[in-house]
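What follows is each chain in one-letter form.
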Amino acid sequence: MAVLKASGLGKVFPGVVALDGVDLELRGRYVHALIGANGAGKSTLIKILTGYYPSYEGKIELNGQVISIHKPADAFRYGIEVVHQEVDTTLIPYLSVAENLLIEKLATPEEGFFVRKKRLRDEARQILQKLQLDIDVDKPVADLSLPQKQLLVIARAMSRNASFLILDEPTAALSVSDVEHLFTIIRKLKQGGVSFLYVSHRLAEIQEIADDITILRGGKKVAHFNRETFEMSKAVEAMLGTRPGDLFPTRIPTQERELVLEVRNIRWGQRLKNISIQAFRGEILGITGLTGAGKTELLNILAGSEKADHGDIILDGKVVHFRQPKDAIRNGIFLIPEDRRHRGLWIEYSVRTNITLPFIRDFSYLSFVLPFKEIPHVRHIINRLKLVPPDPGMAVKNLSGGNQQKVVIGKWLLQRARVMLFDEATQGIDIGAKQEVYALARELSRTSAVIFASSDVDEVLSLADRVLVMRDGQIVGEFDTRLVDRQQVMELAISAVHTKTAHSMA
Amino acid sequence: MTSDKTPTASKQVGIAEAKPLNIHVGSILSRFFLRYGLILTLILVSLFFSIRTQAFASVDNLLDILRAVSILTIVALGVTFSVVVNGFDVSVGAVTGLAVILSTALMVIWGVPWYFAILICLAVGVIIGLLNSFLIIRLRIPDLLATLGVLYLVQGLQMSITKGDAVYKGMTNPWSPTREIAGGAIHPNFLFLGQGFVLSSEVFRGIPVPVVIMFVIVLVAFIFLEFSRFGRIFYAVGGNIEAARLAGVDVNKVRMTAYVISSVLATIGGLVLAARIGSGAVKAGDPYLLDAVAATYFGFAVLNARRANVFGTVLGAIFVGVMLNGLTMMNIPWYIQDVIKGLVLIVSLGLSYYTTRR
């Protein structure tokens, strides 16, 4: 069984020690979890192991032999493979599943000029069968669901006989049942001798899947647990460096509720079937359900980004019509969208440009942007959201995920919202940033109606006052979160689509 | 908006200073070349030409160079606007050509007053911009293809106006059954736009009018894109159209405006060109397309901006102009000039983009 042992791993960038003397051991048949807040050094560690950097400090041994990994090809040679969070970047959407699986083979000179489709298909089927994946090999990758794509990338790594598989936040965009399926596959591969480095923010998952747990903070290894010694509270403490206060803010008494937004009989094709909801100022309305249940679609309609076929949106007692997001924003409905990189940010641009864009008119006189109005506001938002580093000129792409999300939220804080919509707002951000997002949502709920949609059931139940459960484009339950049981919500979210999901995945 | 980048860059240099000397010098040098490499190249090329040719460094020649690049700069700024919103407009060369023929034909063949001719051309420019944006936004044709189609359309219209003839004083009217001589002429006021000088005196020839027009347009475009909220919005659409839409920007209106600006600037370029040559040559606008695209993409690399910007485009246009002027003065045959132009572009852009990658 292959053993990869890294000792004293370090990486210094100009002015920053990104990783400092970290030891890590990956053994076959073990899942080693790596956790830490954003900026703790997880990415740097992964990049060293996969040959992204030409140089690093420390030594790496494979089965007792010192090896050096200076380029991606080295990592491949030693059987180290990584599945990144954003799988789309490694797949070619218009090629078929089979072609994507065997893309490297297609690129070798021995393959000849013509593509031998039948052999390609057969080989692809064999690979998928080994992992018990039922994906049509002729389908273009563009038609696959996100979990299917992720499994495909894992399958591709396995087909190259990887002995060490690094999964970088594999569950960030997966729903509960998809996560279960992924875990089944991880366990199966583990039995076959594969060693995993599993990077995630979700501690509950780690508790379920990991054999070893290493916690990084500020580039250093601050704690190590194994399955027996792991304790959630200790892990959180190690990640944050301080004793965590309650992760979720305390609720406000609900008597001061005021009806702000009402949605009546919204229908949108097969995606939303007769949805009616009410949102109040003074409470956080949670919406949960599997990915694809219709949460994002509903929020997009409320934000004017999509148009429903039928139904009314009533804001402060008046029916409103939104042709585009601009109209919703004028009415004080602000959306923090899912997929912040693509829908919420200009990653090449500065924090300042990002934060002031929606209300740029308020920082202008005769259409000239006035820096003496703009910059103080940006600094105010940076301080209020505890953005790190507190630099208005920093390009957003250089910020960690949590800080990027703060920028997305920060752009709506100039004006008081009537309704604030959060769509999967804590996806891929660290616990510290999550805590701040929760606190902010609670704070906003005093002055606005807050709708918080998330496929993370625990999150919604702990944060929200009231929860709606969606499934298959319908609302299948409404509960007071103080009175409901987690299991009940989960079952409700899963049950009817269970057969359908199982059919397409297993 | 360029100033946004400055704090980050200077900060990184500051941090690098704490490192051992070799890294320090290396990183500062590479940062310096990244930012100023192209400007440096421009200065070096100019120096080279002034040493090799006596006439190059004179004020008059400097203004001549600026006059020579004025039309290109105006057209290139149009392309820049389309690229800023992450689009592309290849119809500009044809639109420039159309303005040349249309303005002169209106005056020479139909005897339209010069100011009406200008207004009609500008209106046609707006209409072409609207057509481009209709094809791209409403019909969702990819920008390159839509504007390519419009390129052919406009080029065909251009030639149809005179049945393929050039426009000059005393030409036969192509639309007259009796082939009579066209009665109109190009008004001196119109010619002034391309051939006139302002601030002339006994010791100073004056500033060419095209340079003044270019300067005004450059200034307005620069202020619009760099300091106004519209600039923010334009770059927001170009940087991430979906994020811009969700932040309340009417993205289609912005894109439409950019294409209209592009066509109008191409039209203005054509009007100045017609005034400068004093007649309506067929397909006179064609060469401007490639030079304008080159200038715009050259501008990406200036000051390491990594996006289309007014300052970069102007510098790119001047760069092209300086080379042409210098090469002509050195008596390099015209048929080799394109080769040299291509080589210099490739080398300077290659250096800049190669260093940017890291």
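Scroll up to find the structure.
Residues numbered from 1 in each chain as written. Chains lettered and ligands numbered in written order. Predicted model: local features only at pLDDT ≥ 70, side-chain atom pairs only at ≥ 80, totals over all residues. Heavy atoms only, no water.

### Description of the packing of helix H4 (residues 92-108) of chain B against helix H11 (residues 251-277) of chain B
Residue and element names in this part refer to chain B. As a reminder, the rule being used: Axis definition: a line fitted to C-alpha atoms, limited for helices to the stretch in contact. Angles are taken between N-to-C directions and run from 0 to 180 degrees. Helix and strand definitions here come from DSSP, where helices need a minimum of 4 consecutive H or I residues and strands a minimum of 2 consecutive E residues; each element is numbered from the N-terminal end. Here the angle decides the label: under 35 degrees means roughly parallel, over 145 means roughly antiparallel, 65 to 115 means roughly perpendicular, and every other value means oblique. The sense of a crossing depends on the near helix, which, turned anticlockwise from the far helix by less than a right angle, makes the crossing left-handed and, turned clockwise, makes it right-handed. Only heavy atoms matter for contacts: two residues are in contact if any of them lie within 4.5 Å across the pair. Gly is put with the polar residues, along with every residue not named as nonpolar or charged; the nonpolar set is Ala, Val, Leu, Ile, Met, Phe, Trp, Tyr, Cys and Pro, and the charged set is Asp, Glu, Lys and Arg.
Running from amino to carboxyl end, H4 crosses H11 at an angle of 45 degrees, the nearest separation of the two axes being 7 Å. Considering the angle they form, H4 stands oblique to H11. As H4 packs across H11, the resulting crossing turns out to be right-handed. Listed contacts from H11 to Val-92, Val-95, Thr-96, Ala-99, Val-100, Ser-103 and Thr-104 of H4 are Ser-262, Ser-263, Ala-266, Thr-267, Gly-269, Gly-270, Leu-271, Leu-273 and Ala-274. When grouped by side-chain class, the residues that make up the contact of H4 with H11 number eight nonpolar, eight polar and no charged.

### Considering the interface of chain B and chain A
What counts is decided by this rule: A pair is scored as a salt bridge if a Lys or Arg side-chain nitrogen falls within 4 Å of a carboxyl oxygen belonging to Asp or Glu. Any pair of N or O atoms that falls within 3.5 Å is considered a polar contact. Within protein, one atom must be able to donate a hydrogen and the other to accept it, and sequence-neighbouring residues count only if both atoms are side-chain atoms.
On the chain A side, the residues contacting the 32 residues of chain B number 37 residues. Where chain B meets chain A, there are two salt bridges. Between Glu-242 of chain B and Arg-343 of chain A there is a salt bridge, and its shortest N-O distance comes to 2.8 Å. There are twelve residue pairs in polar contact (both at pLDDT 80 or more) connecting chain B and chain A. Listing elements by their share of the side of chain B that touches chain A, those giving two or more residues are helix H1 (2-16), helix H8 (209-227), helix H9 (229-239) and helix H10 (241-246) of chain B. Class assignment of the residues belonging to the side of chain B that touches chain A gives a composition of 14 nonpolar, six polar and twelve charged.

### A short note on the packing of H4 of chain B against helix H6 (residues 143-161) of chain B
Residues and elements named next belong to chain B. Look at H4 against H6: their axes get within 9 Å of each other, and the N-to-C directions meet at 20 degrees. The angle between H4 and H6 places the two elements in the roughly parallel class. The crossing of H4 and H6 is left-handed. Across from Ala-94, Val-95, Gly-97, Leu-98, Ile-101, Leu-102 and Ala-105 in H4, the residues of H6 making contact are Leu-151, Val-154, Gln-155, Leu-157, Gln-158 and Ile-161.

### Thoughts on the nonpolar core
Keep this limit in mind: Joining through side-chain atoms within 4.5 Å is the link that ties buried Ala, Val, Leu, Ile, Met, Phe, Trp, Tyr and Cys residues into a set, and such a set is a nonpolar core. We call a residue buried when its accessible area falls under 20% of the maximum for its residue type, exposed when it is over 50%, and partly exposed in between, using a 1.4 Å probe and counting protein chains only.
Counting 106 residues, the largest nonpolar core has Trp-346 of chain A together with Phe-190, Phe-234 and Val-249 of chain B as the members making the most contacts within it. If you tally residues by element for this core, the top one is helix H3 (residues 59-84) of chain B, at twelve residues. Non-local contacts of Trp-346 of chain A, meaning those with residues more than four positions away in its chain, are made with Asn-354, Leu-357, Val-396 and Lys-411 of chain A together with Ala-236, Gly-239, Asn-240, Ala-243, Ala-244 and Ala-247 of chain B. Counting 53 residues, the second-largest nonpolar core is a separate cluster that includes Ala-33, Leu-131, Leu-151 and Met-158 of chain A.

Nothing here speaks to function; it is geometry throughout.
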